[in-house]
Amino acid sequence: MSEADSGTVELLLARLADTEALGRRVAGLLRPGDSVLLEGPLGAGKSTLARALLRALCRDPAMEVPSPTFTLVQEYESPLGPVSHFDLWRLDGPAGLPELGWEEAREGVVLVEWPDRLQSLRPDDALAIGLAPVVDDADGRLARISGWPGRRDALLALPPGAPAG
Amino acid sequence: MLDGNGRVLAEAVLSQAGHAEFGGVVPEIAARAHLLHLPELARRVLAEAAIAEPGFVPADLVAVAASTGPGLIGGLIVGSGLGRGLALSLGVPFVPVNHIEAHALTARLPGLVPGGAEFPYLLLLVSGGHCQCIAVDGLGSYRRLGGTIDDAAGEAFDKVAKLLGLGWPGGPALERLALEGDPAAIPLPRPLLGRAGCDFSFSGLKTAVAQRLAGRPADQALDRREAADLAASFQAAVADVMADRVRHALGMMPEATLLVAAGGVAANATLRSRLAAVASAQGVRFAAPPLRLCTDNAVMVAWTAIERLRAGAVEGGVSGDLLTPARPRWPLQEMAATPGSPG
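Keep in mind that this is a model prediction, so the values were computed, not measured.

*Asks:* Requested: an account of the overall build of chain B, with residues and values cited.
*Replies:* Counting its regular elements, chain B contains ten helices and seven strands. Of all 343 residues assigned to chain B, the portion counted as buried reaches 52%. Sequence separation of 24 or more characterises 73% of the internal contacts of chain B that already satisfy a separation of 6 or more.

*Asks:* Explain the sheet that holds strand β5 (residues 141-147) of chain B to me, and be specific about the residues and the numbers.
*Replies:* Residues and elements named next belong to chain B. Read across the sheet, five strands follow the order β5-β4-β3-β6-β7 without closing on themselves; strand pairing throughout is mixed. Only two strands of the sheet have a single neighbouring strand rather than two, namely β5 and β7 (285-287). Sheet twist, expressed as the average angle between the axes of neighbouring strands with direction ignored, equals 20 degrees. Taken together, the six bridges between strand β4 (residues 131-138) and β5 define a ladder with antiparallel strand orientation. Across the sheet, the residue bridging to Q132 is G147, located in β5. Helix-sheet contacts for helix α7 (residues 224-251) involve β3 (121-126), β4, β5 and β6 (258-262), and the interaxial angle to β3 is about 150 degrees.

*Asks:* Hey, could you go over the interface of chain A and chain B for me, with residue numbers and the actual values?
*Replies:* Listed per partner, the contact involves 26 residues of chain A and 25 residues of chain B. Looking at the side of chain A facing chain B, the largest losses of area belong to A:L42, A:F70 and A:E99, adding up to 31% of the total buried there. Listed by contribution, the elements that provide at least two residues to the side of chain A that touches chain B are β4 (73-78) and β8 (137-146) of chain A. At four residues, the largest contribution of residues to the side of chain A that touches chain B is made by β4(A). When its residues are assigned to classes, the side of chain A that touches chain B shows eleven nonpolar, six polar and nine charged.

*Asks:* So what's going on with the pattern of salt bridges? Residues and values would help.
*Replies:* All names here are of chain B. Here the structure, examined in full by the defined rule, presents 22 salt bridges over all chains. Residue E53 is joined to R7 by a salt bridge in which the shortest nitrogen-to-oxygen separation is 2.9 Å. Placement of the pair is E53 in the loop between α1 (31-52) and β1 (64-69) and R7 in the segment before α1, with a sequence separation of 46 residues. The class for E53 is partly exposed, based on a relative accessible area of 32%.

*Asks:* Describe unusual backbone geometry, and please don't skip the residues or the numbers.
*Replies:* Looking along the chain, the bond that leaves B:G69 and enters B:P70 is cis, with omega of -15 degrees. Within the secondary structure, B:P70 sits in the loop between β1 and α2 (73-90). For the bond running from B:F119 to B:P120, omega is -10 degrees, close enough to zero to count as cis. With respect to the helices and strands, the residue B:P120 is situated in the loop between α3 (99-105) and β3. A positive phi angle is found at A:W114, which is not glycine, with a value near 60 degrees. Within the secondary structure, A:W114 is located in the loop between β6 (109-113) and β7 (127-134).

*Asks:* Provide a residue-level description of the packing of aromatic side chains, including the pertinent values.
*Replies:* Per the stated rule, a full pass over the model turns up four aromatic pairs over all chains. Taking the centre distance of 6.0 Å and the plane angle of 10 degrees together, the rings of B:F119 and B:Y121 count as stacked. In this structure B:Y121 comes out as buried when scored by relative accessible area, which is 0%. Aromatic side chains B:F157 and B:F234 sit 5.2 Å apart centroid to centroid with 80 degrees between the ring planes, which places their arrangement in the edge-to-face category. Here B:F234 lies in helix α7 and B:F157 lies in helix α4 (residues 153-163), a separation of 77 residues in the sequence. Just as B:F157 is buried, B:F234 falls in that class too. Geometry around B:F119 places B:R108 over its ring, the cationic atom sitting 3.8 Å from the centre. The aromatic ring of A:W89 is capped on one face by B:K159, whose charged end is 5.2 Å from the ring centroid.

*Asks:* Run through the nonpolar core, naming residues and quoting values.
*Replies:* Residue and element names in this part refer to chain B. Among the nonpolar cores identified, the biggest contains 52 residues, and L122, F202, F234 and M242 are the most heavily contacted of them. For this core, the secondary-structure elements that each account for two or more residues are β3, β4, α4, α5 (170-178), α6 (203-214), α7, β6 and α8 (269-281). At 15 residues, α7 tops the list of elements feeding residues into this core.

*Asks:* Hey, could you go over α5(B) for me, with residue numbers and the actual values?
*Replies:* All names here are of chain B. Counting buried positions over the nine residues of α5 gives seven, a clear majority of the element. Residues G170, G171, A173, L174, E175, L177 and A178 constitute the buried set of α5. For α5, the secondary structure elements touched by its buried residues are α4, α7 and α8.

*Asks:* Which residues make up the packing of helix α1 (residues 16-29) of chain A against helix α2 (residues 46-57) of chain A, and what values go with them?
*Replies:* A pair of packed helices can be characterised by two numbers: the angle between their axes and the separation between those axes. All names here are of chain A. Orientation of α1 relative to α2, taken along the N-to-C sense of each, is 45 degrees, at an axis distance of 7 Å. Classified by the angle between their axes, α1 and α2 sit oblique to one another. In the packing of α1 onto α2, the handedness of the crossing is right-handed. From α1, L16, T19, E20, L22, G23, R24, V26 and A27 reach across to α2, where they touch T48, L49, A52, L53, A56 and L57. Of the residues that constitute the contact of α1 with α2, the class distribution is nine nonpolar, three polar and two charged.

Analysis parameters
- Residues numbered from 1 in each chain as written.
- Chains lettered and ligands numbered in written order.
- Predicted model: local features only at pLDDT ≥ 70, side-chain atom pairs only at ≥ 80, totals over all residues.
- Heavy atoms only, no water.
- Helix = DSSP H or I, 4+ residues; strand = E, 2+ residues; numbered from the N terminus.
- Buried < 20%, exposed > 50% of the residue type's maximum accessible area, 1.4 Å probe, protein only.
- Contact = heavy atoms within 4.5 Å.
- Pairing = 2+ DSSP bridges.
- Axes fitted to C-alpha atoms, helices over the stretch in contact; angles between N-to-C directions.
- Buried area = accessible area lost by both parts, 1.4 Å probe.
- Nonpolar A, V, L, I, M, F, W, Y, C, P; charged D, E, K, R; others polar.
- Salt bridge = Lys/Arg side-chain N within 4 Å of Asp/Glu carboxyl O.
- Phe/Tyr/Trp six-rings, centres within 6.5 Å; stacked < 30°, edge-to-face > 60°.
- Lys NZ or Arg CZ within 6 Å of the ring centre and 35° of its normal.
- Core = buried A, V, L, I, M, F, W, Y, C linked by side-chain atoms within 4.5 Å.
- Parallel < 35°, antiparallel > 145°, perpendicular 65-115°, else oblique.
- Left-handed = near helix turned anticlockwise from the far one by under 90°.

Any functional reading would require information beyond the geometric quantities listed.
As structure tokens, then:
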């Protein structure tokens, strides 16, 4: 772990299981009204993290989490209330978001892949996780985490590879 | 618009070229676009039907059908609202249709599959948003034998095409490029190959292509030869996986005598020939409806309504349900055998 700048922490996720564990840790800290933004190129592990997060949140380790790329949004019911998994890859801006039910979805938890499309709708209080591949390492990922100052310590209290509490 | 025998009297679809009108907005999210274009499309179909079938007037319609799910709610509400309004004004039943069921029944359109598509058969639905094997046991009786645990097949094609710098739509562009490449040039994973069941996974394959590209020197542009080899190798990996998964699905459904491939990805010639070979090896027939009937379309929705109306005539009549809400989620397993009353 290293402080890249005052607001961003970098975390090396050596294995796929570490990416999944990070998703579970985020799930354990979520509250209704939260937004989690997942950034990074195609194949960086955004969907892997999202899947682990949603399964933990919905307390169903085998829950089907289909890619929301073509449906743009998939909704889930969790003990925290509704959770909306957005994938804005096919959009080029925020114009379509009202019709996707963005405002209603924000009352629950939103998980957003390709959040750069949100532009002015990007929530200020979001947890942002940027994933990047590590050169010459098929499973390694570098996670850049920003936001959630009040919950940062809890999020990083244990190495993400440790068993989820 | 179809006649009672499933003959298409008139059809219209908002063309791909028309997407520019939406200013880059993904068309299916735009309920406003449905609102703007649907009445005119309906009018055009009614006018064309009057030419195809002299003497036809809208009052001759015996039912109106629309897709009420699954999918994005805005477009579904507009489409089914127009359908309900039309049905109400004509005093005929409105038939709410699950559009996945419509994909499943398309093969039964008269004349489409040589020798016909009697139940039961195996449907492989592979498109941008879907990738699943469905046992079509009978009308209203479907079993999802397996499906993707992450990305849809068409999504994998589109995303890999994007990684290779190809234009939209990515699938056909990748297929063209693959013709110049060597399918054995680049080793790529075959996710779930040989695994029991018929689930699919394409996320890891997409990631492998992304990593192959990310590992290249930044100052070296991807040359066409290498891009073509990657395209061909990717397509070969998808074909291997799909052939294997469908072989398993046929094994799970020994009563099937027909394999139907539907969805935009089924237009890929390499996949098509592999699927035909799998079917042939297992002694079943193979059919793939033409592309215009493979992607979302109204003909299949009307045909599904006809199938349900026919079944309803046997079971005591269809009650046109004007109040059935549109459903963003509507698993095929929940298709009730009772016509016109989903879920």
